[in-house]
Amino acid sequence: LGTCGWAPVKCPNQGCTESPLRKDLPDHDTICGLRKLPCTHCTNEVELRSLMHHEGHCQKAILECPNWGCVVNFERGGMNLHRAVCRREEVTCPCPGCD
């Protein structure tokens, strides 16, 4: 029974309650939402089900400055610092009536 492909086995991913057949375990592990993978930006271990959201908000992701003509790249976490000094950042004139 210890090697039978038709025997149910517990998924090794912490928190997963699935018990696929031993022969199907590799396929289950590929899609298991609780499988941990490293973020491509910060290398933190993140559950597969949350990875896309995490990578879309990861503070270590490299972004391009959104200002036209600026070619600076920075970590998402440093965006506000860059934009505060970016020469291409549009600012509102403090003078009343100025467009």
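This text follows the structure it describes.
All of these numbers come straight from a predicted model, not from anything done at the bench.

1. Points about the side chain of Asn-13
Tracing the chain through its elements places Asn-13 in the segment before helix H1 (25–31). For Asn-13, a relative accessible area of 11% translates into the label buried. Once residues lying within four places of it in the same chain are set aside, the contact partners of Asn-13 are Asp-29, Cys-32, Leu-34 and Arg-35.

2. Things to note about the packing of aromatic side chains
Taken as a whole and judged by the stated rule, the model has zero aromatic pairs. When the ring centre of Trp-6 is taken as reference, the NZ or CZ atom of Lys-23 above it lies at 4.5 Å.

Thresholds, definitions, all that
Residues numbered from 1 in each chain as written. Predicted model: local features only at pLDDT ≥ 70, side-chain atom pairs only at ≥ 80, totals over all residues. Heavy atoms only, no water. Helix = DSSP H or I, 4+ residues; strand = E, 2+ residues; numbered from the N terminus. Buried < 20%, exposed > 50% of the residue type's maximum accessible area, 1.4 Å probe, protein only. Contact = heavy atoms within 4.5 Å. Phe/Tyr/Trp six-rings, centres within 6.5 Å; stacked < 30°, edge-to-face > 60°. Lys NZ or Arg CZ within 6 Å of the ring centre and 35° of its normal.

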